[in-house]
Amino acid sequence: MKQIRSLEDALNRCQTLGMRLSRQRRFILELLWQAQEHLSAREIYDRLNHQGKAIGHTSVYQNLEALSTQGIIECIERSDGRLYGNISDSHSHVNCLDTNQIMDVHVELPEELIDQLEKQTGVRITEYRIDFYGYRSAPARSSADT
């Protein structure tokens, strides 16, 4: 199936899957494509209502569940709850420990490394996701470190 690369692709996928394109569903998809960041259901609810787009909590949760289950949006499970993003195809993340921001990145591993992993495990790798963690600014060093 074609990868979703734009809001139009997401709306077309909904139609292809026979999903109703309600006003609320459009609002959520538009927000995720405009925001270009991972948001909680609460943040989505707050932002939409702040924009004057009246939508209920239940509607937000139901639409996010339907869209992520169908692979139209991404759902990331974290210890502090779920986050939703607009990129649904296979990709990796850089997690900033300073800001809790999650950035989408496309990483392509060298073919030799994939071959090595397949030989070690006996598993044919068809896709992968890597999570990187770090700090935007270097943590302060103590005098004991110098």
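Look up: the structure comes first, before these words.
Before going into details, it helps to say that this report is about the structure given with it.

1. So, the packing of helix H2 (residues 23-35) against helix H3 (residues 41-50)
Reasoning step 1: At a minimum axis distance of 11 Å, the contact between H2 and H3 shows a crossing angle of 100°. Taken as axis vectors, H2 and H3 run roughly perpendicular relative to one another. Across from Phe27, Ile28, Leu31, Leu32 and Ala35 in H2, the residues of H3 making contact are Ile44, Arg47 and Leu48.
Reasoning step 2: Looking at the contact of H2 with H3, its residues break down into 7 nonpolar, no polar and 1 charged.

2. Some details on the environment of Gln70
Reasoning step 1: Examined against the element boundaries, Gln70 turns out to sit in the loop between helix H4 (57-69) and strand S1 (74-78).
Reasoning step 2: Judged by its relative accessible area of 40%, Gln70 falls in the partly exposed class.
Reasoning step 3: For the pair formed by Gln70 and Ser88, sequence separation is 18 residues and the distance between their alpha carbons is 9.7 Å.
Reasoning step 4: In contact with Gln70, not counting residues within four places along its chain, are Leu17 and Met19.

3. A word on the packing of H2 against H4
To characterise two packed helices, one gives the angle between the axes of the helices and the distance between these axes.
Reasoning step 1: Packing of H2 against H4 leaves a shortest axis separation of 10 Å and a crossing angle of 70°. It follows from the interaxial angle that H2 and H4 lie roughly perpendicular. Of the residues in H4, those touching H2 at Gln24, Arg25, Ile28 and Leu29 are Ser59, Val60, Asn63, Leu64, Ala66 and Leu67.
Reasoning step 2: For the contact of H2 with H4, the per-class residue count stands at 6 nonpolar, 3 polar and 1 charged.

4. Quick word on unusual backbone geometry
Reasoning step 1: If you check the backbone angles, Gln36 has positive phi at about 55° while not being a glycine.
Reasoning step 2: With respect to the secondary-structure elements, Gln36 resides in the loop between H2 and H3.
Reasoning step 3: One non-glycine residue, Asn100, lies in positive phi territory at about 65°.
Reasoning step 4: Its place among the elements puts Asn100 in the loop between strand S3 (92-96) and strand S4 (102-105).
Reasoning step 5: A residue is classified by how much of its surface remains accessible, and Asn100, at 53% relative accessible area, is exposed.

5. Some details on the nonpolar core
Reasoning step 1: One finds Ile28, Leu29, Ile44, Leu64, Leu67, Ile72 and Ile73 to be the most contacted residues of the largest nonpolar core, which totals 25 residues.
Reasoning step 2: Mapped onto this core, the elements with two or more residues apiece are helix H1 (7-16), H2, H3 and H4.
Reasoning step 3: In terms of residue count, H2 provides more of this core than any other element does, 7 residues in total.
Reasoning step 4: Not counting residues up to four positions away in its chain, the partners in contact with Leu64 are Ile28, Ala41, Ile44, Ile73 and Tyr84.

6. Quick notes on the pattern of salt bridges
Reasoning step 1: According to the stated counting rule, one finds 8 salt bridges in the structure shown.
Reasoning step 2: Close ionic contact of Asp89 with Arg5 constitutes a salt bridge, the shortest N to O distance being 3.1 Å. Of this pair, Asp89 sits in the loop between strand S2 (81-85) and S3 while Arg5 sits in the segment before H1, and the two are 84 residues apart along the sequence.
Reasoning step 3: The salt bridge involving Glu65 is made with Arg82; its shortest N-O contact spans 3.4 Å. Within this pair, whereas Glu65 is found in helix H4, its partner Arg82 is found in strand S2, the two being separated by 17 residues in sequence.
Reasoning step 4: On the basis of relative accessibility, which here comes to 38%, the residue Glu65 falls in the partly exposed class.
Reasoning step 5: The exposure class assigned to Arg82 is partly exposed, which follows from its relative accessible area of 38%.

Cut-offs and rules
- Residues numbered from 1 in each chain as written.
- Predicted model: local features only at pLDDT ≥ 70, side-chain atom pairs only at ≥ 80, totals over all residues.
- Heavy atoms only, no water.
- Axes fitted to C-alpha atoms, helices over the stretch in contact; angles between N-to-C directions.
- Helix = DSSP H or I, 4+ residues; strand = E, 2+ residues; numbered from the N terminus.
- Parallel < 35°, antiparallel > 145°, perpendicular 65-115°, else oblique.
- Contact = heavy atoms within 4.5 Å.
- Nonpolar A, V, L, I, M, F, W, Y, C, P; charged D, E, K, R; others polar.
- Buried < 20%, exposed > 50% of the residue type's maximum accessible area, 1.4 Å probe, protein only.
- Core = buried A, V, L, I, M, F, W, Y, C linked by side-chain atoms within 4.5 Å.
- Salt bridge = Lys/Arg side-chain N within 4 Å of Asp/Glu carboxyl O.

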